[in-house]
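A closer look at the structure
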There are 2 protein chains.
Amino acid sequence: MITGQDDAMSPKITVELLRQLRQAMKNSKYITEPIQAYIVPSGDAHQSEYIAPCDRRREFICGFNGSAGTAIVTEQHAALWTDGRYFLQASQQMDNNWTLMKMGLKETPSQEDWLISVLPENSKVGVDPWIIAADQWKNMSKALSNAGHSLVAVKDNLIDAIWEDRPPRPSTKLITLGLKYAGLTWQDKVTALRGKMAERKISWFVVTALDEIAWLFNLRGSDIEYNPVFFAYAIIGISSIKLFVDSKRLLHPAVREHLELDSPSKSELTIQCFSYESVYTELQAVCVALAPKEKMWICDKASCALTQVIPKAHRSAIPYTPLCLAKAVKNPTEIQGMKMAHIKDAVALCELFAWLEKEIPKGKVTEISVADKAEELRSQQKDFVGLSFPTISSVGPNGAIIHYRPLPETNRTLSLNEVYLIDSGAQYLDGTTDVTRTVHFGTPSDYEKECFTYVLKGHIAVSAAVFPNGTKGHLLDSFARASLWDSGLDYLHGTGHGVGCFLNVHEGPCGISYKTFADEPLEAGMIVSDEPGYYEDGSFGIRLENVVLVIPAKTKYNYRNRGSLTFEPLTLVPIQLKMINTDLLTQKERDWVNDYHRKCRETVGAELERQARKVALDWLIQETQPIV
Amino acid sequence: MITGQDDAMSPKITVELLRQLRQAMKNSKYITEPIQAYIVPSGDAHQSEYIAPCDRRREFICGFNGSAGTAIVTEQHAALWTDGRYFLQASQQMDNNWTLMKMGLKETPSQEDWLISVLPENSKVGVDPWIIAADQWKNMSKALSNAGHSLVAVKDNLIDAIWEDRPPRPSTKLITLGLKYAGLTWQDKVTALRGKMAERKISWFVVTALDEIAWLFNLRGSDIEYNPVFFAYAIIGISSIKLFVDSKRLLHPAVREHLELDSPSKSELTIQCFSYESVYTELQAVCVALAPKEKMWICDKASCALTQVIPKAHRSAIPYTPLCLAKAVKNPTEIQGMKMAHIKDAVALCELFAWLEKEIPKGKVTEISVADKAEELRSQQKDFVGLSFPTISSVGPNGAIIHYRPLPETNRTLSLNEVYLIDSGAQYLDGTTDVTRTVHFGTPSDYEKECFTYVLKGHIAVSAAVFPNGTKGHLLDSFARASLWDSGLDYLHGTGHGVGCFLNVHEGPCGISYKTFADEPLEAGMIVSDEPGYYEDGSFGIRLENVVLVIPAKTKYNYRNRGSLTFEPLTLVPIQLKMINTDLLTQKERDWVNDYHRKCRETVGAELERQARKVALDWLIQETQPIV
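Quick caveat, the model's predicted, so the values are computed rather than measured.

With that out of the way, let us pick up helix H18 (residues 587-610) of chain A. All names here are of chain A. Spanning 24 residues, H18 covers 34 Å between terminal C-alpha atoms, matching the ideal 34 Å at 1.5 Å per step. Remark: the principal bend of H18, roughly 30°, maps to Val 604. Along H18, the positions that sit buried rather than exposed are Glu 589, Arg 590, Trp 592, Val 593, Asn 594, Tyr 596, His 597, Cys 600, Val 604, Gly 605, Glu 607 and Leu 608. Tucked inside the fold, the buried residues of H18 contact helix H14 (332-359), strand E20 (435-440), helix H16 (446-463), strand E27 (546-553), strand E28 (564-569) and helix H19 (614-623). Looking at the residues trailing H18, positive phi occurs at Ala 612, about 55°.

Per the UniProt record, the feature "domain: Peptidase M24 C-terminal" (unreviewed entry) sits at residues 565-627 of chain A. Taken end to end, residues 565-627 of chain A is 54% helix and 8% strand, and its two terminal C-alpha atoms sit 27 Å from one another.

With that settled, the discussion passes to the sheet that holds strand E12 (residues 271-274) of chain A. Residues and elements named next belong to chain A. As summarised here, the arrangement of the 6 strands in space is E12-E11-E10-E8-E13-E14, forming an open sheet in which the pairing is mixed. Every other strand in the sheet has two partners, leaving E12 and strand E14 (315-318) as the edge strands with one partner each. Averaged over all neighbouring strand pairs, the angle between strand axes comes to 20°, with direction disregarded. This element, helix H8 (residues 186-199), spans strand E8 (204-207), strand E10 (233-237), strand E11 (241-244), E12 and strand E13 (296-299) of the sheet and lies at about 60° to E10. Contacts between helix H11 (residues 279-288) and the sheet are confined to E8, E10, E11, E12 and E13, with E11 contributing the most and set at about 160° to the helix.

Glancing now at the sheet that holds strand E16 (residues 392-395) of chain A. All names here are of chain A. Reading across from one edge, E16-E17-E20 is the order of the 3 strands in this open sheet, with antiparallel pairing throughout. Either end of the sheet is taken by a strand with one partner, and the two such strands are E16 and E20. If you compare each strand with its neighbour and ignore which way they point, the axes differ by 10° on average. Strand direction decides the pairing type here: E16 and strand E17 (residues 419-424), joined by 4 bridges, are antiparallel.

Before going further, it helps to spend a moment on the side chain of Gln111(A). As for its placement among the helices and strands, Gln111(A) is situated in helix H4 (residues 111-118). Not counting chain neighbours up to four residues away, the residues in contact with Gln111(A) comprise Thr70(A), Ile72(A), Trp81(A) and Met140(A).

What follows concerns the pairing of strand E6 (residues 150-153) of chain B. Residue and element names in this part refer to chain B. Pairing between strand E5 (residues 124-127) and E6: 4 bridges, direction parallel. In the strand pairing of E6, Gly 126 is matched with Val 152. Handedness of the E5-helix H5 (residues 134-146)-E6 crossover: right-handed.

Residues and elements named next belong to chain B. Evaluation of the coordinates by the stated rule reveals 41 aromatic pairs over all chains. Note on Phe 64 and Tyr 86: the rings are 5.5 Å apart at their centroids and 65° apart in plane angle, and the pair reads as edge-to-face. One end of the pair, Phe 64, is in the loop between helix H2 (57-62) and strand E2 (70-74); the other, Tyr 86, is in the loop between strand E3 (78-82) and helix H3 (87-93), with 22 residues separating them in the sequence. As far as the burial class goes, Phe 64 and Tyr 86 line up, both buried. Here the aromatic rings of Phe 244 and Phe 274 are separated by 5.0 Å at their centres, their planes lie at 20°, and the arrangement is stacked. Taken together, the residues Phe 244 in strand E11 (residues 241-244) and Phe 274 in strand E12 (residues 271-274) connect sequence positions 30 residues apart.

All names here are of chain A. Secondary-structure assignment places Arg 590 in helix H18. Despite being buried, Arg 590 has no salt bridge partner; Asp 583 is the closest side chain of opposite charge, sitting 5.7 Å away. A polar contact of 2.7 Å, which involves the side chain of Arg 590, links it to the backbone oxygen of Leu 585. Among all residues touching Arg 590, those that are not within four sequence positions of it are Thr 582, Asp 583, Leu 585, Ile 627 and Val 628.

For the rest of this paragraph, the subject is the pattern of salt bridges. All names here are of chain A. Enumeration over the complete set of coordinates arrives at 68 salt bridges over all chains. In this structure, the salt-bridge partner of Arg 378 is Asp 345, at a minimum N-O distance of 2.7 Å. With Arg 378 in helix H15 (residues 367-379) and Asp 345 in helix H14, the pair connects residues that are 33 residues apart, well separated along the chain. Summarising the burial analysis for this pair, Arg 378 and Asp 345 share the class buried. Arg 412 is the partner of Glu 418 in a salt bridge, and the nearest nitrogen-oxygen pair spans 2.8 Å. The partly exposed category is assigned to Arg 412, whose relative accessible area is 29%.

Our next topic: unusual backbone geometry. Residue and element names in this part refer to chain A. Cis peptide bonds are those with omega within 30 degrees of zero, and the linkage from Gly 508 to Pro 509 qualifies with 0°. With respect to the helices and strands, Pro 509 occurs in strand E23 (residues 507-512). Backbone geometry places Arg 560, a non-glycine residue, at a positive phi of 50°. Residue placement: Arg 560 occurs in the loop between E27 and E28. Since its relative accessible area comes to 51%, Arg 560 is described here as exposed.

A separate point is the relation of the copies chain A and chain B. Screw-axis analysis of chain A against chain B gives a translation of 0.1 Å along the axis, an RMSD of 0.1 Å, and a rotation angle of 180°. Seen this way, the second copy is the image of the first under a two-fold rotation axis. When C-alpha positions in chain A are compared against the rotation axis, the closest is assigned to Leu475(A), at 3.4 Å. Looking at chain A, 100% of its interface residues are interface residues in chain B too, so the copies touch through the same face.

Take the confidence of the model for chain A next. Scored by pLDDT, chain A comes out at a mean of 95, with 98% of its residues at no less than 70. Scored as a complex, the prediction yields pTM 0.94 and ipTM 0.93.

A few words on a positive patch on the surface. Taken together, Lys138(A), Lys142(A), Lys312(A), Lys138(B), Lys142(B) and Lys312(B) make up a surface patch of like positive charges. Only helix H5 (134-146) of chain A together with H5 of chain B provide two or more residues apiece to the positive patch. By the secondary structure assignment, Lys142(B) is in helix H5. Looking at Lys142(B), the relative accessible area reads 56%, which means it is exposed.

Our focus in this paragraph is the packing of H14(A) against H19(A). Residues and elements named next belong to chain A. Running from N to C, H14 and H19 point in directions that differ by 90°, and their axes come no closer than 8 Å. With respect to H19, the element H14 is oriented roughly perpendicular. Where H14 approaches H19, its residues Cys 350, Glu 351, Phe 353, Ala 354 and Glu 357 are matched on the opposing element by Val 615, Ala 616, Trp 619, Leu 620, Gln 622 and Glu 623. Here the residues of the contact of H14 with H19 sort into 7 nonpolar, 1 polar and 3 charged.

Below, the discussion takes up the interface of chain A and chain B. Listed as interface residues are 33 residues of chain A and, on the opposing side, 33 residues of chain B. Around 3,000 Å² of area is buried between chain A and chain B when both sides are counted, 58% of it from carbon and sulfur atoms. The largest contributions to the chain A side of the interface with chain B come from Trp485(A), Tyr557(A) and Tyr559(A), which together make up 24% of the buried area. One can count 6 salt bridges joining chain A with chain B. Note that Arg560(B) is salt-bridged to Asp537(A), the shortest N-O span being 3.5 Å. At the boundary of chain A and chain B, one finds 13 residue pairs in polar contact (both at pLDDT 80 or more). Listing elements by their share of the side of chain A that touches chain B, those giving two or more residues are H16, strand E21 (467-468), helix H17 (477-486) and strand E25 (533-536) of chain A. The greatest single-element share of the side of chain A that touches chain B, amounting to 5 residues, is contributed by H17(A). Looking at the side of chain A that touches chain B, its residues break down into 16 nonpolar, 9 polar and 8 charged.

Right, let's get into the nonpolar core. Of all hydrophobic cores here, the largest spans 149 residues; its most connected members are Leu356(A), Phe567(A), Leu356(B) and Phe567(B). Setting aside its immediate chain neighbours within four residues, Leu356(B) contacts Pro361(B), Val365(B), Val370(B), Leu414(B), Tyr420(B) and Phe441(B).

With that settled, consider H15(A). All names here are of chain A. Under the 1.5 Å per step criterion, the end-to-end length of H15 is 18 Å for 13 residues, consistent within 8% with the ideal 18 Å. Among the residues of H15, those classed as buried are Glu 367, Val 370, Ala 371, Lys 373, Ala 374, Leu 377 and Arg 378. Taken down its axis, H15 places every buried residue within 165° of arc, on the same side.

What counts and how
Residues numbered from 1 in each chain as written. Chains lettered and ligands numbered in written order. Predicted model: local features only at pLDDT ≥ 70, side-chain atom pairs only at ≥ 80, totals over all residues. Heavy atoms only, no water. Helix = DSSP H or I, 4+ residues; strand = E, 2+ residues; numbered from the N terminus. Expected span 1.5 Å × (residues − 1). Bend = angle between axes of the 7 residues up to and from the residue. Buried < 20%, exposed > 50% of the residue type's maximum accessible area, 1.4 Å probe, protein only. Contact = heavy atoms within 4.5 Å. UniProt positions renumbered as here; feature names shortened; annotations may be inferred. Pairing = 2+ DSSP bridges. Axes fitted to C-alpha atoms, helices over the stretch in contact; angles between N-to-C directions. Right-handed = clockwise from strand over helix to strand, strands pointing away. Phe/Tyr/Trp six-rings, centres within 6.5 Å; stacked < 30°, edge-to-face > 60°. Lys, Arg positive; Asp, Glu negative; His and termini not counted. Salt bridge = Lys/Arg side-chain N within 4 Å of Asp/Glu carboxyl O. Polar contact = N/O pair within 3.5 Å; in protein donor to acceptor, adjacent residues only side chain to side chain. Least-squares fit on C-alpha atoms with pLDDT ≥ 70 in both. pLDDT = per-residue confidence, 0-100. Patch = residues over 30% accessible without salt bridge, like charges linked within 9 Å, V, L, I, M, F, W, Y side chains within 5 Å. Areas by Shrake-Rupley, 256 points an atom, 1.4 Å probe, with all protein chains shown as cover. Charge placed at Lys NZ, Arg CZ, Asp CG, Glu CD. Parallel < 35°, antiparallel > 145°, perpendicular 65-115°, else oblique. Nonpolar A, V, L, I, M, F, W, Y, C, P; charged D, E, K, R; others polar. Buried area = accessible area lost by both parts, 1.4 Å probe. Core = buried A, V, L, I, M, F, W, Y, C linked by side-chain atoms within 4.5 Å. Arc of directions from axis to C-beta.

Written out as structure tokens, the structure is:
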């Protein structure tokens, strides 16, 4: 699934809210001196991609609910910055009190430049330091200072102050993951982390990303939809562990036992528990006690509030944490779990497609009903927890909207005449899935087949690529596009993202994209998606996505003993042969498709047999006939 | 030709020089307060890749003469930092007063860290501000300040102070290029530049790169070997032009007329001439007169000395200048000139290879004698000016040394038993060439052919690639490697660099490399090299290089009307068929080779015929037989 989200909606009326916010900007209850502008960033305090309802402050103030965007309110103006994915959606969701600032267009000013152009001299610009990243604070602060203004941290969030029915911060039940699922105990993970810290002479590490905390402690929650994480912070020292989480969550005996709260085996593995809110004061206390040369790691995307607690001389801000990297390289148990999760997921999808073939001619199957059916079928599988993201179920022209999500007002009926694209995935206790198939239930046009075949060739080019150890994913991105490029076609999104193991469906620090930031070298054990596409506005969308595992490759030679890597598909769902123009495939590509389908038939077939799903098994066999 | 250079040599004895330098570091004649360390950067005041003898200060002090490296001398220590290309060479050229700092190895400290570790408290570190780039100054200064030291600008260069027989700065005769060669008058270029400046509300532009000045004024010099440039600065205002160059050079009537020095046609196109040295004081004068909001462009790689003259509020430091970009996109006359230059160059190489086939069996042809013969043959061509870089002529194991340059002590004889690699090029009035061919005069082994064929497949994959307008070169780099990667092979250099038109053989801002810096999108009219390779240490080296022109591509579709690009080879020298294992080529690749050879035969054949070079023509016809 491509990063981002869409929603169609009518504009939110914000006159009264803006009036209240502007009052709060002058209210000495919240601030010592009036501020002339207030910035409302998009995120939560943990750099999360998906956020909990209580953190949707930017949506609350302006109505726009896409995944990326920053609102700024001054005494006279209100403006929202977002990128090309969301221009249409933002313009539909905001009333005319708001100016849409289209990022990426030449004429659009940056937030800094715009503020400088509209503010009176010596203005104060406020922001909640908990939801602005340290690096963003730095840039904004510098630009404003240069122009005679100042950026000030407003401790009380002014949106929260005017948000009457703001939902409480979730505090869902924690799930403990034993060795069977996690492969390593949290104690082993802490010990390995401390090894990395010692290597770099680091004595403390402030963990702020929710998926890193969940992974480290082998715990999961459901505080944020689709992402099995829970609100927490952790501060790991060379001989101490501080966990900051709502104390109610630690009352459950299974959790207490898992974390050895009542009978820690070793003193350096004793977890000290604190409330979620006390991370600030505890971090202050740790910092006060630091020896002169002690260094503390914190991610450079962590909140300004926490980052600034650490004195500069002790602070080592890093683009990726060692946990982010450790989590990305799956251990054998996680790999096995991911494989199992993908087989179960394939069972559900074989059922779904077999059902669709039967039901579509009746004319009552809609984008929404397929999404519901897919969820129902997945939920029948063992260890199912929930979806890993909102299902993209799209017919014909809706398929060309990359972040489409069916809503009652856009819902189309599946037919024998249009291309259907479904991008969906689930969380199981043993793994996370994410798969896209594009199919036609009637007869696709030659053009649709041609485009699909280019996308397939790109998918295969990445999946079958052999490349040296140490290669970064961005060096593979063009392989996915070469066939499209040859015909003058392309797609405007990256080719792949990291996938967590019963964790976030999007995770760093690896991926496959023409964008070169956030891109650590690929390593055996990493798991990424391979999902090229092609989108024809107003007609159809094509995307073909497998989740693939990075594995060592056997090569004829081995230059400088570097070793080589390639990919193994974990997703095992047939690729619709009807959509392929086999004349456009090379023999190697035909072999790849046949090998892939043989593997689908063998592996998923065995599971369908075990689950006695006869109709789906027949469908699988019919769909995995070799191309000749 | 790959960036960099090699030379084998015995160590330089530096005891006395270091003693003198350390004295100068305390001598109030040069400095107000003693300095505890002195940094000797590699470059000249113009960010040049090749430098004039008078600027080889780092070589003078330590003996190491590679293209990259920084020397630092303290009261106790002397150390040189260089990268992996030069570890061996530097260790051979320096005596044991010097410590070699191997950049890129984990254990090697940065210059800053090393200085901090060896300096007494509150030390002063000196550097000549003319030969350190502004961005490097900034980083170094910050790191030293944080540790309680300071970086100080030493106005008199201390190396020059102890360098008794330092050569004078060259001041060679200037060549004027008329419309026939340049395609645009310098007046038109200045006007276009001012258009770019006006677009960005820039009122001044300080030009420091020598090739940009040469290109802008349609002048060439020979101050630096291989690069037809001359020492100068320019300051371009919206209505004034200031040129800083040794006044003797402007005495020649042709130059005076070309620059309209005596009878300028328009006041805003009047060139004010100043001495080369007066750029500093003139820039100060311009800066003093700046209106409050006026902005001045300077490249962020320009010298610290000039950069710091411009007050921060007026300074706009840019990674590439508009001249760098304008120069990279060749105009129709330049393209025509480059094509002609490559045809003449091919004539010389056909002669060379025909001669080699006859001479090698006699056992007297060496790496050096081939290089000499190649130069002689090129010099027979019309408008020949000189070589564009030192010829890499390498037999067998010498071919595996990427920056090899034959010296008497390494010189090998060409034979029927070893692979021969020649990477060479020339400057003609109408264009610059750079071509590499790898050949065998006996029977290559299956393994040599296999490796050569992978390299050829990579070369073709880039040369025949079709990609959207706006694509950056780094996105094409993996195409050159895919075939090698499939077999576990690779090469450790970039795939291509920009090529000037009767200018520097290496120029920015485009290229094809896995490194993603210095990489502006490819545009029709840009010219780059396509030169994958494979190197087997101790046995042989393979590289296949054509200079290629970016041209619009015709595609079946045209997604979002972006248009597509591809490459047209300008180099037209046969690729030795004997080295190809044609079984490893696809039909498309075979067609590419045959088309390429047909073009070589037609275009170069016609010129050989015109020049009545019968032997070379016969050789060309024999070498361009189609593969079946």
